[in-house]
Amino acid sequence: DVKVTQSSRYLVKRTGEKVFLECVQDMDHENMFWYRQDPGLGLRLIYFSYDVKMKEKGDIPEGYSVSREKKERFSLILESASTNQTSMYLCASRWGGVSGNEQFFGPGTRLTVL
Amino acid sequence: AQSVTQPDIHITVSEGASLELRCNYSYGATPYLFWYVQSPGQGLQLLLKYFSGDTLVQGIKGFEAEFKRSQSSFNLRKPSVHWSDAAEYFCAAYGGATNKLIFGTGTLLAVQP
């Protein structure tokens, strides 16, 4: 069974802290994605990666960075967390370069920044 | 700009009633189309997808969707809703100049007993 796991389901951090969100997939997928989900806004793409050490900005990359040192792991980093980054964060992965392939999602991390 | 629109933010149906969730897309050509479901506290699960061919697509959990090119729509349907179908439903599309999956804003489905 395919699986995308995220390191935490719930996270509470203080303003200004550096925050790491980890995502691991066991499907040997080339592509990995980070989204944030906010009520009324749907899912918005923050960053994605199509290969190890490769990354591309999504629609809302400001305030975020990513790291992909191994194929199975994709990390989202909030360098200095702010209250407007309180959100649900979803990681996803997808096989291959064909756009139509399904994305598989993790369970999400609900981050609260105080 | 490419976009996906779900006009209904919230829908309530009675258990056993039929369901139709609307989705419209704006793309230069026919994109790949998807419906995902998100149960409370969970990630997104794929219900079904359309690439080409037969415009009526069958999915999991008894759902189906119909692609209508003339209306730029990809509406999700279920003939008889179960209480366990209460969730948020997202329509999404790939295609055109972007290699990104674009999501609609979601429709929250409530099921009354």
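Residues numbered from 1 in each chain as written. Chains lettered and ligands numbered in written order. Predicted model: local features only at pLDDT ≥ 70, side-chain atom pairs only at ≥ 80, totals over all residues. Heavy atoms only, no water.

**Remarks on the overall build of chain B**
Then, number 1: Secondary structure assignment for chain B yields zero helices and twelve strands.
Then, number 2: In chain B, the order of α-helices and β-strands from amino to carboxyl end is β-β-β-β-β-β-β-β-β-β-β-β.
Then, number 3: Compactness check: chain B gives a C-alpha radius of gyration of 13 Å against a globular reference of 13 Å for 113 residues, within 12% of the reference.
Then, number 4: With the principal axes as the frame, chain B shows a C-alpha extent of 45 × 30 × 20 Å.
Then, number 5: With 113 residues in all, chain B has 45% of them scored as buried.
Then, number 6: Long-range pairs, those at least 24 residues apart, make up 54% of the contacts in chain B with a sequence separation of at least 6. (Helix = DSSP H or I, 4+ residues; strand = E, 2+ residues; numbered from the N terminus. Rg over C-alpha atoms; globule rule 2.2 N^0.38 Å. Buried < 20%, exposed > 50% of the residue type's maximum accessible area, 1.4 Å probe, protein only. Contact = heavy atoms within 4.5 Å.)

**A short note on the pattern of salt bridges**
All names here are of chain B.
Then, number 1: For the structure shown, the criterion picks out eleven salt bridges over all chains.
Then, number 2: The shortest N-O distance in the salt bridge between Lys78 and Asp85 comes to 2.8 Å. Note on accessibility: Lys78 and Asp85 belong to one class, buried. (Salt bridge = Lys/Arg side-chain N within 4 Å of Asp/Glu carboxyl O.)

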